[in-house]
Amino acid sequence: TQFCTGSSVILTGNVQGQAAQTQWISVSGTLPQVDNPPNNQYDVDIAGTYQFHAFSSLGCDYSDAVNVIEVQLPVMNLPQQVDLCPQSTVSITAG
């Protein structure tokens, strides 16, 4: 799962059947643990590995993990001003 720098991604844990408790954990500890999040969702704005846990009423722990990658935005160096004559065209390349 990926997100662009300056934004975030919402992770959603899917549970088949009923879970007595759910939990999102940042494996690296960069974000706080969230117990029983609304709709099993976790809003993530830091790259890393995140685990979703669903606990049964008997205490059984079912879990899965997802790796979240931050994608850097491209750098754009466009000119401040471009002068054109009527009926002419100009090509601007970003990068």
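As shown above, the structure is provided for reference.
Only a predicted model underlies this, so the values are computations on that prediction, with no experimental measurement involved.

With 11 residues, the main nonpolar core is built from Phe3, Val9, Leu11, Trp24, Leu31, Tyr42, Val44, Tyr50, Phe52, Ala54 and Val68. For this core, the secondary structure elements donating two or more residues are β2 (9-12), β5 (41-44) and β6 (48-55). Among the elements that line this core, the one with the most residues is β6, at 3 residues. With near-sequence residues (within four places) excluded, phenylalanine 3 lies in contact with Ser8, Val9, Asp45, Ile46, Ala47, Val68, Ile69, Glu70 and Val71.

Checked against the element boundaries, glycine 6 lands in the loop between β1 (2-4) and β2. With relative accessibility at 81%, the residue glycine 6 sits in the exposed group. Separated by 64 residues in sequence, glycine 6 and glutamate 70 have C-alpha atoms that sit 9.2 Å apart.

Bringing the packing of aromatic side chains into the picture now. Counted under the stated rule, the structure contains 3 aromatic pairs. Relative to tyrosine 42, the ring of tryptophan 24 lies with its centre 5.9 Å away and its plane at 25°, an arrangement referred to as stacked. Of this pair, tryptophan 24 sits in strand β3 (residues 21-26) while tyrosine 42 sits in strand β5, placing them 18 residues apart in sequence. Tyrosine 42 carries the same exposure label as tryptophan 24, and that label is buried. Each ring, one from tryptophan 24 and one from phenylalanine 52, has its centre 5.0 Å from the other, and the planes form 50°; the classification is tilted. Here tryptophan 24 is found in strand β3, whereas its partner phenylalanine 52 is found in strand β6, with 28 residues between them in sequence. By the burial criterion, tryptophan 24 is buried, and phenylalanine 52 matches it. Through successive ring pairs, a cluster of aromatic residues spans Trp24, Tyr42, Tyr50 and Phe52.

Rules behind the numbers
Residues numbered from 1 in each chain as written. Predicted model: local features only at pLDDT ≥ 70, side-chain atom pairs only at ≥ 80, totals over all residues. Heavy atoms only, no water. Core = buried A, V, L, I, M, F, W, Y, C linked by side-chain atoms within 4.5 Å. Buried < 20%, exposed > 50% of the residue type's maximum accessible area, 1.4 Å probe, protein only. Helix = DSSP H or I, 4+ residues; strand = E, 2+ residues; numbered from the N terminus. Contact = heavy atoms within 4.5 Å. Phe/Tyr/Trp six-rings, centres within 6.5 Å; stacked < 30°, edge-to-face > 60°.

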